[in-house]
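# Understanding the architecture of this molecule
Spelled out, the chains give:
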Amino acid sequence: MMNEVKESLRSVEQKYRLFQQQQFTFIAALEHCRENAHDKIRPVSSIGQVQSYTEHHCGNSTDRRVLLMFLDICTELGKLCQHFEALHSGTPVTNDLLEKCKTLVSQSNDLSSLRAEYPHDMVNHLSCHEARNHYGGVGAT
């Protein structure tokens, strides 16, 4: 079971590294979907909302690919939480951390208030506009 968890964690890390390189494509894909959905006022605030955009308002294969990459990472993180839960009875501290992780990857959790802590090496690559308006929550505000 522990080897399975290690392999799952490695897989998520690899997918995340690839996704990091696609952050501008991801933001653009969300914007395209919001335009297609005529939903430019409401911020993208949950994984479920990204799922809905992908299923109902995604107009091209590039957008679909990067949105599915994001959703796949979220699904894998949810599975990883389940593996950790099954593996370790935990302490109050680790149980609290696991609950926070499960909440974060929940389809309905409001992610709009999440922000990267500074200094964060990715923020340094963004323009002021992108950092202020896009680098928080799911990606587009």
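Residues numbered from 1 in each chain as written. Predicted model: local features only at pLDDT ≥ 70, side-chain atom pairs only at ≥ 80, totals over all residues. Heavy atoms only, no water.

Another aspect to go through is the environment of Val-5. Looking at the secondary structure, you find Val-5 in helix 1 (residues 2-20). Given a relative accessible area of 3%, Val-5 falls into the buried group. Sequence separation between Val-5 and Lys-79 is 74 residues, and the spatial gap between their C-alpha atoms is 9.4 Å. Look past the residues within four positions of Val-5 in its chain and what remains in contact with it is Leu-80, His-83, Phe-84 and Leu-87. (Helix = DSSP H or I, 4+ residues; strand = E, 2+ residues; numbered from the N terminus. Buried < 20%, exposed > 50% of the residue type's maximum accessible area, 1.4 Å probe, protein only. Contact = heavy atoms within 4.5 Å.)

Here we come to the packing of helix 3 (residues 47-56) against helix 4 (residues 61-87). Direction vectors running N to C along helix 3 and helix 4 enclose 145 degrees, while the axes themselves pass 10 Å from each other. The two elements helix 3 and helix 4 meet at a crossing, and its hand is left-handed. Between helix 3 and helix 4, the contacting residues are Ile-47, Val-50, Gln-51 and Thr-54 on the first element and Arg-64, Leu-67, Leu-68, Phe-70, Leu-71 and Cys-74 on the second. Here the contact of helix 3 with helix 4 is composed, by residue class, of seven nonpolar, two polar and one charged. (Axes fitted to C-alpha atoms, helices over the stretch in contact; angles between N-to-C directions. Left-handed = near helix turned anticlockwise from the far one by under 90°. Nonpolar A, V, L, I, M, F, W, Y, C, P; charged D, E, K, R; others polar.)

So, about helix 2 (residues 23-36). With 14 residues, helix 2 should reach 20 Å at 1.5 Å per residue; the first-to-last C-alpha distance of 20 Å fits that figure. Three or more residues of helix 2 are buried, namely Gln-23, Phe-26, Ile-27, Ala-29, Leu-30, Glu-31, Cys-33 and Arg-34. Packed against the buried residues of helix 2 are helix 1, helix 3 and helix 4. Downstream of helix 2 by one or two residues, His-38 has phi in the positive range, about 50 degrees. (Expected span 1.5 Å × (residues − 1).)

These figures capture arrangement, not role.
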